[in-house]
Amino acid sequence: MIRGYWLPVLHSHLPFVKHPEHEYFLEEHWLFEAITESYIPLLINMKQLVEEEIEFRLTLSLAPPLMEMLSDKQLMEKYEIYLYSRIQLAELESERLKKDTDFLPLALFYKERLNQIKSFFTGVLNSDILQGYRHFRDLGKLEVITSCATHGFLPLLKVNQKAVEAQVSLAVDSFIGYFGGPPEGMWLPECAYYEGLDRILNMYGIRYFFLDSEGLMSGDPVPRYSVYAPVYTAAGVAAFGRDPLSSKQVWSTHDGYPGDYQYRDFYRDAGYDLDFDYIKPFISPDGTRVFTGIKYYRITGRSDAKEPYNLQDAADKVIEHAVHFHDERVAQIKTVAPMIDRQPVVVSPYDAELFGHWWFEGPDFLYRVFREIHEKKEIRSITPSEYLKLYPENQVIAPSPSSWGYRGYYDVWLNEDNDWIYRHLHYMADRLEELASASVQETDTLKIRLLNQMTRELLLAQSSDWAFLMSTNTAREYSSARTKEHIKNFNRLVEWFSSGNIDVSELEWMERKHSIFAFLDFRVFADR
Amino acid sequence: MPVNSDTSFVYWEVTDRLLRGNIRKLKSGSVQLMIKVFGEDANQEICSFETKDKIGKSYISYKPPLIPLIAEIGISNGKGFVGLLKSKSAYSPSPVKGSRERKAEVWMTSTAEGREMFSIPFNERYMSGAEIMEYYRRIKISHAASLFSRT
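Because the structure is a prediction, the values reported are computed rather than measured. (Residues numbered from 1 in each chain as written. Chains lettered and ligands numbered in written order. Predicted model: local features only at pLDDT ≥ 70, side-chain atom pairs only at ≥ 80, totals over all residues. Heavy atoms only, no water.)

Quick notes on the overall build of chain B
Here is step 1 of the chain: A tally of helices and strands in chain B yields three helices and nine strands.
Here is step 2 of the chain: Secondary structure of chain B in N-to-C order comes out as β-β-α-β-β-β-β-β-β-β-α-α.
Here is step 3 of the chain: Burial analysis of chain B (151 residues in total) assigns 40% to the buried set.
Here is step 4 of the chain: Here the contacts in chain B between residues at least 6 apart in sequence split such that 53% fall between residues at least 24 apart.
Here is step 5 of the chain: Accessible surface, chain B as shown: approximately 8800 Å² in total, 51% of it carbon and sulfur. (Helix = DSSP H or I, 4+ residues; strand = E, 2+ residues; numbered from the N terminus. Buried < 20%, exposed > 50% of the residue type's maximum accessible area, 1.4 Å probe, protein only. Contact = heavy atoms within 4.5 Å. Areas by Shrake-Rupley, 256 points an atom, 1.4 Å probe, with all protein chains shown as cover.)

Rendered as structure tokens:
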């Protein structure tokens, strides 16, 4: 008998990074690594589940910048070059290690795996990753939803309401463009909610979103069913609360599954370990060592001494963890079910890139959890739309402002390291609203292009990733440079618009480089 | 702008032109820029401080239970204050949990046909969210502690 439901959500997002001015650009590899290590392995495992007739449901949010990059011809051409280079390295490694009993099985594994990924990408997907998501969506296995236009952190953008509305409405338009219909749900960037956001979501047809548990449990009133059932906000949008137990089991650095000593170590990589002259063709052309994805060691322990990665030991551990995860969900659901008038739902959202990129064995873990659920038949996986159809009657509460960041609030995106960006973002939004409102009837093609590009520059500057990276001291230089570049571009565009003295070739370059949302109309910022 | 349950952030930029036009409204004394923070509803001053910076920022410590805050920048000569600009209001995330009173609850049915809101009395048969959490505390199922780590 089914006692309740597990609702897994994978949030897929990367900031829009495109550098046509460089043949090789390190930050573009964020996308290439995610495709190779997360997106394609997850799709391969979904295909396997379908072939084995294992019932599963997965909710996957696709942030618009990611959809734009996955559909960008130039970036996908660069990706193929990246993939071929990795295959070439794996082949060289198989040759180099042919007498090494510890590492040869791994080198051969990488060679086979990368070739499998290449044939899946070019063959099954026809070089179109989104096609894979559409396929599983059409089969009813995958509920694909959207996130905000450029993953703006909405509570800190709401100083200008148009900025929030644009983030939501362009996300919906973008989704319709890629999937042929509006999204049912939206992943709020960083799970960040503020009072009144539900009205804007409702305005654009969003039926549900996700909250951190704090957002629900500090709501008014405290929801009767805790995080084990969705609630409605006053605007009638459903909010699903993140379950802290299942989150911690996967997210926690120390107690979470990904930190198990049998699993592959992320940081020990051939790009850093091997002889410079040998690895040179596979690292940055300026000689900077980078990750290659070829990794030979397991986590082993907390010290720097690492032992060889063993594929079989890791695979055994995946099964052990999947069984444990499943049994924990069953225990959780069995405990809660008698207390409430329905079958509870456990909502487990994670970053998609955690599965495969950061946690190499993650896609196999997910596959195994679905197998366990299918075989034991005590719980079932479900999507938010299915659950809401099953239980359309829910309590109404006012969720609390919250995010899934440190302490559940906004600190990560607003602190001494990044607070300088907000005065610019707010000024740009106010200025654009002013110009857009005065130009609703504009027919001059060049002026329309200027206004559209201003909108793109603002949207790209609003990405929550930049503030996050400045805080965490990762890629701080790049994130600051990107923010400053968008601010500078915006101000130049405003100047050209006001003076009529337009540098058309520079405008063309901005349009080519920051090419997000070809369909975009600046009037999304107009006060009409 | 809200940062967390006890911190808000305010930034400002004042032009010389705006200052010049207003300084003469204060008839005497040396004039200083001043930031004041109010609770929007109560119109109650929460804090104020002087600043020499025409372009500046500050983090303000205050525990507002979801009271919308408003900051105002102005000039002061120690006796009088002339306001120049007010910020938009900001709600901070609240550390105070919502009501746990056993009162009637509002529920909603939402289907393709439409939405209907209705009120139901508190039902003793079912546990409230807070009670579910308390139950977890008592039975201590594995990992349950993490459920309460931030509550």
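Regarding the overall build of chain A
Here is step 1 of the chain: Looking only at helices and strands, chain A has 20 helices and ten strands in total.
Here is step 2 of the chain: For 528 residues, the compact-globule estimate of 2.2 N^0.38 gives 24 Å, and chain A sits close to it at 24 Å.
Here is step 3 of the chain: Among the 528 residues that make up chain A, the fraction classed as buried is 64%.
Here is step 4 of the chain: The long-range share in chain A, meaning contacts at least 24 apart out of those at least 6 apart in sequence, stands at 79%.
Here is step 5 of the chain: Counting only carbon and sulfur atoms, one obtains 49% of the accessible surface of chain A, whose full area is about 19200 Å².
Here is step 6 of the chain: Each charge class in chain A can be summarised by its mean position, and for the 56 positive and 78 negative side chains these summaries are 2 Å apart. (Rg over C-alpha atoms; globule rule 2.2 N^0.38 Å. Lys, Arg positive; Asp, Glu negative; His and termini not counted. Charge placed at Lys NZ, Arg CZ, Asp CG, Glu CD.)

As for the sheet that holds strand β5 (residues 55-61) of chain B
Two pairing modes exist for strands in a sheet, parallel and antiparallel, and in both the strands are linked by backbone hydrogen bonds.
Residue and element names in this part refer to chain B.
Here is step 1 of the chain: Ordered in space as β1-β2-β5, the three strands form an open sheet in which the pairing is antiparallel. Of all the strands in the sheet, the pair left with one neighbour each is β1 (2-4) and β5. Recorded for the sheet is a direction-independent mean angle of 25° between the axes of neighbouring strands.
Here is step 2 of the chain: Here strand β2 (residues 7-13) runs beside β5; their pairing, made up of seven bridges, is antiparallel. Residue E13 lies in a different strand from β5, and its bridge partner there is I55. (Pairing = 2+ DSSP bridges. Axes fitted to C-alpha atoms, helices over the stretch in contact; angles between N-to-C directions.)

Looking at the pattern of salt bridges
Here is step 1 of the chain: The final tally for this structure, using the stated rule, is 39 salt bridges over all chains.
Here is step 2 of the chain: A salt bridge links A:E320 to A:K317; the shortest N-O distance between them is 3.3 Å. Of this pair, A:E320 and A:K317 are both found in helix α13 (residues 311-336), three residues apart, which corresponds to roughly one turn of the helix.
Here is step 3 of the chain: Taking relative accessible area as the criterion, A:K317 reaches 17% and is therefore assigned buried.
Here is step 4 of the chain: Ionic pairing is found between B:K36 and B:E45, a salt bridge with its closest N-O pair at 3.6 Å.
Here is step 5 of the chain: Each of the salt bridges in this network shares a partner with another, and the network as a whole consists of A:E55, A:R57, A:K141 and A:E386. (Salt bridge = Lys/Arg side-chain N within 4 Å of Asp/Glu carboxyl O.)

A look at empty space enclosed by the protein
All names here are of chain A.
Here is step 1 of the chain: Overall, the coordinates contain seven cavities of 30 Å³ or more when judged by the stated rule.
Here is step 2 of the chain: Reported here for the largest cavity is a volume of approximately 120 Å³.
Here is step 3 of the chain: Of all the secondary structure elements, the ones that give two or more residues to the lining of the largest cavity are α1 (29-51), α3 (73-96) and α4 (104-124).
Here is step 4 of the chain: By residue number, the principal contributor to the lining of the largest cavity is α4, which donates four residues.
Here is step 5 of the chain: In terms of residue class, the lining of the largest cavity is made up of six nonpolar, three polar and four charged.
Here is step 6 of the chain: Taken as a whole, the second largest cavity spans an internal volume of roughly 60 Å³.
Here is step 7 of the chain: Lining the second largest cavity, in full, are L42, N45, M46, L49, L58, P363, L366, Y367 and F370. (1 Å grid on protein atoms, 1.4 Å probe; cavity = no way out; pocket = protein on both sides within 12 Å on 5 of 7 lines; lining within 4 Å. Points joined across faces, edges and corners; volume = space filled by probe spheres on them. Nonpolar A, V, L, I, M, F, W, Y, C, P; charged D, E, K, R; others polar.)

Overview of the packing of aromatic side chains
All names here are of chain A.
Here is step 1 of the chain: One pass over the full model with this rule turns up 46 aromatic pairs over all chains.
Here is step 2 of the chain: Taken together, a centroid distance of 5.5 Å and an interplanar angle of 65° make the contact between F103 and Y297 edge-to-face. With F103 in the loop between α3 and α4 and Y297 in the loop between α12 (276-279) and α13, this residue pair connects regions lying 194 residues apart in the sequence. Y297 matches F103 in its accessibility class, with the two residues each being buried.
Here is step 3 of the chain: Seen from their ring centres, Y208 and F240 are 5.8 Å apart, and the 80° between their planes marks the pair as edge-to-face. (Phe/Tyr/Trp six-rings, centres within 6.5 Å; stacked < 30°, edge-to-face > 60°.)

A short note on the pairing of β2(B)
Residue and element names in this part refer to chain B.
Here is step 1 of the chain: Burial within β2 is extensive, with five of its seven residues counted as buried.
Here is step 2 of the chain: Here β1 runs beside β2; their pairing, made up of two bridges, is antiparallel. Counted as the bridge partner of P2 is S8 from β2.
Here is step 3 of the chain: Adjacent in sequence and paired antiparallel, β1 and β2 are bridged by two residues.

Focus: the domain arrangement of chain A
Residues and elements named next belong to chain A.
Here is step 1 of the chain: Split by domain assignment, chain A resolves into domain 1 (4-71 + 128-263 + 311-407) and domain 2 (414-525).
Here is step 2 of the chain: Computed over C-alpha atoms, the centres of domain 1 and domain 2 are 29 Å apart.
Here is step 3 of the chain: Contacts between the two partners involve 32 residues from domain 1, matched on the other side by 30 residues from domain 2.
Here is step 4 of the chain: Regarding the contact of domain 1 and domain 2, the summed buried area is about 2700 Å², with carbon and sulfur atoms giving 66% of it.
Here is step 5 of the chain: Here domain 1 and domain 2 share one salt bridge between them.
Here is step 6 of the chain: When the shortest N-O distance is used, the salt bridge between K513 and E21 registers 3.2 Å.
Here is step 7 of the chain: In this assembly, domain 1 and domain 2 are joined by 14 residue pairs in polar contact (both at pLDDT 80 or more).
Here is step 8 of the chain: Secondary-structure elements contributing two or more residues to the side of domain 1 that touches domain 2 are α2 (64-70), α6 (154-157) and α7 (161-179).
Here is step 9 of the chain: A per-element tally of the side of domain 1 that touches domain 2 places α7 first, with eight residues.
Here is step 10 of the chain: Of the residues assigned to the side of domain 1 that touches domain 2, the class counts are 16 nonpolar, nine polar and seven charged. (Domains from an automatic or database assignment. Buried area = accessible area lost by both parts, 1.4 Å probe. Polar contact = N/O pair within 3.5 Å; in protein donor to acceptor, adjacent residues only side chain to side chain.)

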